[in-house]
Structures are given as structure tokens and as C-alpha cells.
Amino acid sequence: MERSKESASESDEASGGRGRYLGCLGRERLVMSCVGAGLLTLLIVIVTVTTVVVASNSGSSGPLPSFPTDGDMLDFLVGTGDIPVPDGLLATWYHRANNKSEMNKALKSDVMILEADVTVEGFGTANETTVPIMAHPPDVYSDNSLDQWLEAILDSRKGVKLDFKSLEVVGPSLELLRQKNQTRGINRPVWINADILPGPNVPAFWPVVNGTEFLRLVNQRFPAVTLSPGWKVLYVPQFPSVTYTRRMMEEMYQVIRDVPQSVTFPVLAPMMRGAWQHFSWLLSQSPRFSLTLWQGSVDPSVEDLLFVRDNSNPSRIYYDIYEPVLSQFKQAAARRGRQRRFYPGGDLLDYFHQSDTGTHSHRDSLHIHWFRVTDRASLLAELAAGAGGMLVVWVGSDGGVPMVKGPESSFSLKDCLDLVLPLPGTWGFYLRLGTPDVLEPSLRVLSEAYSRDLLYRPVWVSMEPSSATAQTSSSVEHFLTTVETVFPHVTLVTSPSLLSLDQWGAESPLRGVSQRLALPLGAESLRGPHGHTIHAKEVSSCG
């Protein structure tokens with residue numbers, strides 16, 4: 001036995017000291033095998049990760065969980081992990097993913113929502129069929145049908161927006177959506193859009209999709225969608241001031257006010273800022289309403305997009321905007337410490353009580369300070385104190401020039417604005433106009449500051465009738481018309497009597513105004529800090 005051990009030891013030494021492991025492998029071969037196995041494992045991991053990344057970029061990283069087709073788009077994107085919070089700015093879009101080439105490009109991209117146009121094959125020709133195809137007018141033929149488009153999209157994890165270009169395509173498309181949902185399960189939000197009303201620069205006779213019939217078909221065939229009813233729009237850069245009107249908002253609201261679905265209104269982005277008071281009113285009519293800003297060949301300005309962002313709830317505005325403007329906008333919006341581009345006719349409590357995170361605290365008018373400005377010295381004293389608040393300015397006239405009423409006869413309204421607007425802090429203006437002749441000049445001072453991107457503070461305006469002047473329908477009409485024409489971006493402080501049906505009969509002259517209204521509290525006014533009177537209570541504008 002001892003001899004056998006010695007022989008084995010000698011045999012090992014003769015073979016270079018290489019022992020046997022696992023009964024068959026020498027030490028060197030075992031080491032080489034382990035290294036090889038490690039490299040193979042690493043290669044498998046790299047291939048797996050690459051596959052996951054490619055699948056993620058193609059939008060097909062696995063089946064979607066059950067999700068209602070009429071569910072909230074931002075909730076869906078948060079659920080898929082595409083965005084961390086429900087913020088419309090974080091959602092990304094692919095525009096006109098119609099033919100197969102564009103569709104496949106969109107599917108391989110990292111965009112979250114695909115927008116595509118649907119019409120019937122051969123629309124308006126002798127060869128017209130009822131087959132929905134993916135094409136934008138004037139194209140009436142395509143290599144991609146809606147059926148094929150949906151089959152491809154449902155293998156991805158992307159949201160869907162379909163733009164219907166004619167009433168003829170609505171019924172067949174909705175029926176196809178219903179069938180797909182039954183057989184495959186769509187499991188993502190579906191938005192359906194149609195231009196149902198004439199909008200800016202479009203004559204009334206211009207063809208649009210019949211809104212009543214559009215809604216009837218939706219609720220009959222496939223009601224589980226988000227509606228996106230819009231206006232037919234023609235943007236003319238030579239007339240940039242032409243935009244959406246209050247009447248357009250009211251017409252749209254009358255059409256969709258009773259629908260059960262959520263509604264997102266598509267708005268041409270370069271036209272939004274000039275009509276913000278109207279869209280603000282429309283949004284206020286229902287928490288189910290949102291806006292989707294889109295663009296054509298003309299880029300919106302980053303400043304205008306920031307304005308919308310700063311005056312809205314992030315979960316109620318979507319931005320279907322092209323690069324590079326979108327990235328510039330996101331970068332500017334994320335910049336800390338930038339001045340908020342507050343809408344002068346916006347909610348006073350929103351202005352004074354919004355934190356850096358965009359949330360609201362202490363929404364109580366008792367926390368707003370009110371200061372009477374009589375001259376330059378009184379204004380500078382309040383600005384030096386830095387408390388912030390509403391600067392109450394009585395305005396008179398000197399040869400047609402708006403002047404601050406007080407002991408310093410040379411202190412103009414423009415001087416007052418020039419001192420306040422460049423400063424940090426939360427300061428607003430309450431202009432109490434003493435005579436009708438000062439109304440238009442005062443509004444023009446405001447308009448000039450606003451057009452120069454300087455006036456981003458709340459502005460309240462009231463016409464203070466003298467004891468000898470009665471409020472007549474003609475004087476009220478003149479006041480409202482002048483405000484709407486010269487500078488509509490204010491809150492109107494008005495007498496409660498103007499809302500009284502006893503005085504004005506069937507309809508108040510304030511009904512339908514686009515501005516917010518504030519009612520003076522009169523003898524029941526509360527006393528604010530430092531003994532200053534809180535002059536008014538803000539209310540919503542009349543519908």
C-alpha cells in the first residue's frame with residue numbers, strides 16, 4: 001500500500017505536478033475550463049441585455065397589463081415606466097406615422113405615443129371604398145390599412161391617437177377598434193380626433209367633420225376612448241394676432257358638454273398664448289378636459305410654451321412639438337430660479353401661494369397684503385419692505401396721460417410699472433380708474449409692458465363711478481368692449497349689482513366676458529395685515 005502511494009506521487013511529479021480533478025481533468029485544464037465558462041456566461045448576459053434594450057426601443061418589451069382604452073394617457077405611461085410622474089411635457093409623440101416606413105420607424109424609436117391619420121381608401125374618387133387606410137390628405141391611397149397598423153401597434157407598448165379626416169371613415173374605424181379590443185385586447189389609451197368646427201382664419205363654409213354625427217358614432221360603436229375634437233385652423237404668419245375666440249370655445253363646449261368621455265382639445269401652439277383667457281375658461285368647465293398643443297410648419301416660441309406651462313396644471317397639457325424646440329422648452333422649463341411667466345388675468349391665489357415645486361399652500365386671501373400707492377415714496381417704501389402683495393393704485397388723467405392719484409402730480413402709471421416690473425418678489429396691481437377717459441390710456445400702458453415680455457404679474461382693473469355717475473348698460477358695455485379690445489388680460493373688479501337679474505332683466509351685461517371677475521365686499525370687507533382693507537373677493541367669470 002505504501003508503495004502504491006509513492007508510485008502515485010511519483011507519477012504526479014512525472015507529469016509536471018499536475019493533479020487530476022473531478023477524476024479526469026488536470027489543474028491547468030480545469031482553470032481553462034472555468035475561464036471559458038465565465039466568458040460564455042458574460043457573453044450570454046451581454047446578448048440578453050442587448051436584446052432587452054433593442055426590444056425596449058422597439059416598444060415591444062413584453063405584453064402590456066390590462067388597461068382601459070378610455071384610461072388616462074399619463075396614468076398609462078407612468079404604469080409602463082416611461083415617465084415618473086403624470087406630466088404632459090414628459091410624453092413624447094411621433095407625428096404622421098402613416099405608411100409602413102414611417103410606422104416602423106416610429107415603432108423602433110423611443111417615442112411613447114403614435115399619432116396617425118385615417119381616411120377611407122380612394123376618398124372622393126370613383127374608386128372610394130369603406131376600407132380605413134393610413135393617409136393624410138391629399139393622399140387617398142396607402143400601403144398601410146388601419147387593420148395592419150393596429151396589428152403592428154398592438155405588438156408594442158405605445159399609446160394611440162387616430163386623426164379621422166372624414167366622417168365616412170369614423171364608423172368603419174370604430175368597428176375595427178371594437179373587434180380588435182374583443183379579440184386581442186388593446187390595453188392602452190386610444191384617442192380619436194376630428195376637426196368638427198371652423199377655427200381661426202377658416203371661413204364658416206369650410207368643410208369639417210359633422211360633430212353631432214361624429215359623437216353619435218363614437219357612443220354607438222366604440223365609446224371607450226378619449227375624445228379629441230378640434231377646430232379646423234389656418235395659421236397666417238402675416239396676421240399673428242388672429243387666434244381662437246371666446247365664441248369658438250362656447251361653440252365647442254355646447255357640442256361636447258354632455259359627453260361621458262374625457263376630452264383633450266387640440267390647439268395650434270403658436271396661437272395659444274393670445275387666446276389663453278379663452279382656453280382657461282374652457283378648461284375650467286370640467287376636470288375631464290385637457291389641451292394638446294400641436295404645431296404645423298411654424299415653430300412656436302419657447303417663451304410662449306413657458307407661458308402655457310406656468311399657468312396650467314402639468315397633467316392637463318400635452319405638447320406634440322417638434323425638435324429642437326421641444327428640447328429647448330424642456331431645458332428652459334427645468335431651469336431653477338427662472339421668473340414665472342404668470343398670466344396677468346390669472347388666479348390671484350395661484351400667483352401668491354405657489355411654491356417652488358408647483359404645489360399650493362395656504363390658499364387663503366387673508367394672507368395677501370394690500371398696499372395703497374399714492375406717490376413714488378410710498379411705493380418705494382413698500383418695495384423696500386419686500387413683503388409682496390397687491391399695489392392699489394388710483395389712476396387719474398393729466399392731458400390724457402394716466403397718473404397715480406396722490407400728492408406727487410408727476411408720478412405716472414408707467415413710472416409706477418417701471419419701478420415694480422424689473423424687481424423680484426410677488427407684486428400685483430389693482431388699478432382703480434377714476435374717470436372713463438383714463439381707461440383706454442391705462443390699458444395701453446399695460447399692453448405695451450405685456451408685449452415687451454415684462455408684465456407677468458396679476459392685474460385687477462375697476463372703473464370707479466363717481467357719486468353722480470350711474471352705471472348704465474351703455475357705460476358698462478363701453479368698459480367691457482374697451483378692455484376686450486385694448487388689453488383683455490386682466491381681472492375685472494365689478495359691482496355685484498351687475499350680476500343682478502332684478503336690475504338687468506334676463507341677462508347680466510357681464511355674461512360671456514372672457515375675464516375673471518372679482519366682486520368688492522363693500523361694507524363687509526375684511527381687514528388685512530397692517531390695517532389695509534382687502535378690497536374684493538375673486539370669483540369665476542360668467543358663463
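Right above here is the structure, for reference.
Structure report, in brief. (Residues numbered from 1 in each chain as written. Predicted model: local features only at pLDDT ≥ 70, side-chain atom pairs only at ≥ 80, totals over all residues. Heavy atoms only, no water.)

### Re the overall build of the protein
Then comes step 1: Scanning the protein for helices and strands turns up 17 helices and 19 strands.
Then comes step 2: The buried share of the protein, taken over its 543 residues, is 46%.
Then comes step 3: Carbon together with sulfur atoms contributes 55% to the accessible area of the protein, which is approximately 26200 Å² in total. (Helix = DSSP H or I, 4+ residues; strand = E, 2+ residues; numbered from the N terminus. Buried < 20%, exposed > 50% of the residue type's maximum accessible area, 1.4 Å probe, protein only. Areas by Shrake-Rupley, 256 points an atom, 1.4 Å probe, with all protein chains shown as cover.)

### A short note on the nonpolar core
Then comes step 1: Counting residues in hydrophobic clusters, the biggest one holds 116 residues, and the most contacted among them are W149, F214, W231, Y244 and F279.
Then comes step 2: The biggest single contributor to this core is helix α15 (residues 439-451), with 6 residues.
Then comes step 3: For F214, the contacting residues outside a window of four places in its chain are F164, L167, V170, I192, A194, I196, V209 and L227. (Core = buried A, V, L, I, M, F, W, Y, C linked by side-chain atoms within 4.5 Å. Contact = heavy atoms within 4.5 Å.)

### A closer look at helix α6 (residues 170-183)
Then comes step 1: Relative to the 20 Å expected for 14 residues at 1.5 Å per residue, α6 spans 20 Å between its end C-alpha atoms, a close match to the ideal helical length.
Then comes step 2: For α6, every residue scored as buried is listed here: V170, G171, S173, L174, L176, L177 and K180.
Then comes step 3: The first or second residue beyond α6 is G185, which carries a positive phi of 85°. (Expected span 1.5 Å × (residues − 1).)

### Describing the layout of surface pockets
Then comes step 1: In this structure, the second largest pocket occupies an estimated 1000 Å³ of space.
Then comes step 2: If you go around the second largest pocket, you meet 41 residues; those closest to its centre are H136, K165, D195, K232 and W294.
Then comes step 3: Broken down by secondary-structure element, the contributors of at least two residues to the lining of the second largest pocket are β4 (113-120), β6 (159-164), β7 (190-198), β8 (226-232) and β9 (263-268).
Then comes step 4: Class assignment of the residues belonging to the lining of the second largest pocket gives a composition of 22 nonpolar, 9 polar and 10 charged. (1 Å grid on protein atoms, 1.4 Å probe; cavity = no way out; pocket = protein on both sides within 12 Å on 5 of 7 lines; lining within 4 Å. Points joined across faces, edges and corners; volume = space filled by probe spheres on them. Nonpolar A, V, L, I, M, F, W, Y, C, P; charged D, E, K, R; others polar.)

### Notes on unusual backbone geometry
With the exception of glycine, the majority of residues adopt a negative phi angle, and the majority of peptide bonds are in the trans configuration.
Then comes step 1: Residues P137 and P138 are joined by a peptide bond in cis, for which omega reads 15°.
Then comes step 2: Secondary-structure assignment places P138 in the loop between β5 (132-134) and α5 (146-153).
Then comes step 3: A cis geometry characterises the amide bond from E323 onward to P324, with omega recorded as 5°.
Then comes step 4: Relative to the assigned elements, P324 resides in the loop between β11 (317-320) and α11 (325-333).
Then comes step 5: Located in the positive-phi region is R96, a residue other than glycine, with phi close to 55°.
Then comes step 6: Relative to the assigned elements, R96 resides in the loop between β3 (93-94) and α4 (100-108).
Then comes step 7: Residue classification places R96 among the partly exposed residues on the basis of a relative accessible area of 39%.
Then comes step 8: One non-glycine residue, N201, adopts positive backbone phi at about 65°.
Then comes step 9: With respect to the helices and strands, N201 occurs in the loop between β7 and α7 (211-221).
Then comes step 10: Of the residues examined, N201 reaches a relative accessible area of 28% and is grouped as partly exposed.

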